[in-house]
Every structure is written in C-alpha cells, then in structure tokens.
Amino acid sequence: MTPASPRPHRRGEAGFSMKTLIAYYSYDGNAALAADVIKQKLCASSNAQKPEETDVFRIEVEHERRFKGFFKYLWGVKQIFSKKTPALKPYAIDFDRYDLLIFGSPVWASSPAPAITAFLKRLPVAGKKTAIFCCCAGNKGQSLDTMKSCLSKNTVAGEIAFINPLRQDKKEFADAVGAWVEQLAGAVRR
Ligand SMILES: Cc1cc2nc3c(=O)[nH]c(=O)nc-3n(C[C@H](O)[C@H](O)[C@H](O)COP(=O)(O)O)c2cc1C
C-alpha cells in the first residue's frame, strides 16, 4: 500500500507566509472541520505576505473500530486508561519542508486521542514552530498539556480548545478560528 501524504494546497489562494502542515486525528469529524477552517483562515490571514502552502493531513488508525453512543465512550476511555498505542496507517511526510506544524485531536477522557499521541511521539523533528488544538465537549482536561509534553523539543506558539465545532454556528466558529489564526500568525513571526 502506498503511504498516505498530506492533501496538497491549491496554488493561487491568498496565503500565510509559512509552509504549514495541519495534521489531525478525528473520530467523529469535529477536529476534521476545525482543521479545514484553520486552513481557510491561514490562507486568508491579514498577516499573509504572499501565497503559501498549507497542507492538511488526517492521521488514521489501522483497522479502527467504529462505535456509536455509550460503546464509543467505553471503547475510547478504555484505550486511554490501558495506555494502548494504536498502529497508524503508514504515511510519508517530509516534515522538514514545513515552517509551522499544527496538530489537532479530540479529547478523550481529558487526554488527547491515542492516535495523536502515537503520531507526536514519533515526530522526527526538533526546533520547529508548532501549534495545537483540541476539540472537546466542554472539558479539555490535560489534553493540550499532554500534547505539549510530546512536543518538548519544539516551540508551541499557540494552543486552543474548541467545543464541538460541528454543533456550533458556522460563522461564529469561523470567526473564533480566524481570531486564533491571527494571534498565531503574530506569534510565529516574533
Ligand atoms: C471516548 C471519548 C471520550 C471523551 N472524553 C471527553 C472529555 O474528557 N472531555 C470532553 O469535553 N469531551 C470528551 N469527549 C467528547 C469529544 O472530545 C468531542 O465530542 C470532540 O469534539 C470529538 O472530536 P472528533 O469529532 O474530531 O472525534 C469524549 C468523546 C469520546 C468518544
């Protein structure tokens, strides 16, 4: 099987002036939506100096099981407490070509989902500018701190917790993401 690669940026969009990768895991689509809106806002950032690349990569687990309702929580929480590291679908990412790496995850039992922890633990870079986001139902717990500890060799320039983006008013969510991206753009330039 060919290893997955980030979805390429469409040239011609107004852009953020740093090559950016947004890598995220999502079980139910909230973090996926957040990643897409972050990309849109990066490309429209008022800090943008020139068109740039922003790639989006969805981290996927091998043979992931799909549950709904109570069984989904039971299964997910069990993974957190058993500290299981899931096998990820193969990917081929040249992290060195990016100036900014943004990582996103849902919150499971106050922690990042195991897939993102597995991904961050094998991140082959140091000294990079990064930013992190999580999606939760209202209690982010230690999820962002745990992601940060996996990125200790890098600089975390921004972080944010979103509350179930799929349930939010589209415009309000896009505005909140836009404000964060503006802040982030300023922080990474410093
Ligand atoms: C197993 C499991 C555990 C969860 N634990 C929490 C939690 O501790 N705090 C919280 O606010 N939301 C929790 N949630 C809700 C999700 O974090 C939230 O719905 C998130 O937006 C889902 O992201 P996704 O759609 O990208 O998977 C949990 C969801 C699941 C499936």
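Before any of the text, the structure's been laid out above.
Residues numbered from 1 in each chain as written. Predicted model: local features only at pLDDT ≥ 70, side-chain atom pairs only at ≥ 80, totals over all residues.

**Student:** How would you summarise the overall build of the protein chain if you had to cite specific residues and measurements?
**Tutor:** Tallying secondary structure elements over the protein chain gives five helices and six strands in all. Seen in sequence order, the protein chain has helices and strands lined up from the N terminus as β-α-β-α-β-β-α-β-α-β-α. Out of the 190 residues belonging to the protein chain, those deemed buried represent 35%. Taking the intrachain contacts of the protein chain between residues at least 6 apart in sequence as the baseline, contacts between residues at least 24 apart amount to 85%. (Helix = DSSP H or I, 4+ residues; strand = E, 2+ residues; numbered from the N terminus. Buried ≥ 20, exposed ≤ 12 C-beta atoms within 10 Å, placed from the backbone. Contact = placed C-beta atoms within 7 Å.)

**Student:** An account of the packing of helix H1 (residues 30-44) against helix H5 (residues 170-189) is requested, with residue identities and associated values reported.
**Tutor:** What describes two packed helices is the angle between their axes and the distance between those same axes. Running from amino to carboxyl end, H1 crosses H5 at an angle of 55°, the nearest separation of the two axes being 9 Å. Viewed along their axes, H1 and H5 adopt a mutual orientation that is oblique. Remark: the crossing between H1 and H5 carries right-handed chirality. Each of Val-37, Ile-38, Lys-41 and Leu-42 in H1 lies in contact with H5, whose residues at this interface are Phe-173, Ala-174, Val-177, Gly-178 and Val-181. (Axes fitted to C-alpha atoms, helices over the stretch in contact; angles between N-to-C directions. Parallel < 35°, antiparallel > 145°, perpendicular 65-115°, else oblique. Left-handed = near helix turned anticlockwise from the far one by under 90°.)

**Student:** I'd like a description of the site of the ligand, backed by residues and values.
**Tutor:** The ligand sits among 22 residues. The nearest are Asp-28, Asn-30, Gly-76, Pro-106 and Cys-136. Counting only elements with at least two residues in the shell around the ligand, the list comes to H1, helix H2 (69-81), strand E3 (100-108) and strand E5 (129-136). The residue makeup of the shell around the ligand, split by class, is 11 nonpolar, nine polar and two charged. (Near = placed C-beta within 6 Å. Nonpolar A, V, L, I, M, F, W, Y, C, P; charged D, E, K, R; others polar.)

**Student:** Can you lay out unusual backbone geometry for me, pointing to particular residues and giving the numbers?
**Tutor:** Even without a glycine there, the phi angle at His-63 is positive, about 50°. Accessibility expressed as a C-beta count within 10 Å gives 7 for His-63, which makes it exposed. With phi around 55°, Lys-83 is a residue other than glycine that occupies positive phi space. Here Lys-83 lies in the loop between H2 and E3.

**Student:** Outline the environment of Arg-58, supporting the account with residue identities and numerical values.
**Tutor:** With respect to the helices and strands, the residue Arg-58 is situated in strand E2 (residues 54-58). For Arg-58, a count of 18 C-beta atoms within 10 Å gives the class partly exposed. As for Arg-58 and Gly-104, which are separated by 46 residues in sequence, their C-alpha atoms are 9.6 Å apart. Among residues more than four places away in sequence, those in contact with Arg-58 are Tyr-24, Ser-26 and Ala-32.

**Student:** How would you explain the environment of Ile-93 if you had to name every residue and give the values?
**Tutor:** Its location among the elements puts Ile-93 in the loop between H2 and E3. C-alpha of Ile-93 to C-alpha of Ser-5: the two residues are 88 residues apart in sequence and 6.0 Å apart in space. Setting aside anything within four residues of it in sequence, one finds Ile-93 in contact with Ser-5, Pro-6 and Phe-57.

The analysis is restricted to geometry; functional conclusions fall outside its scope.
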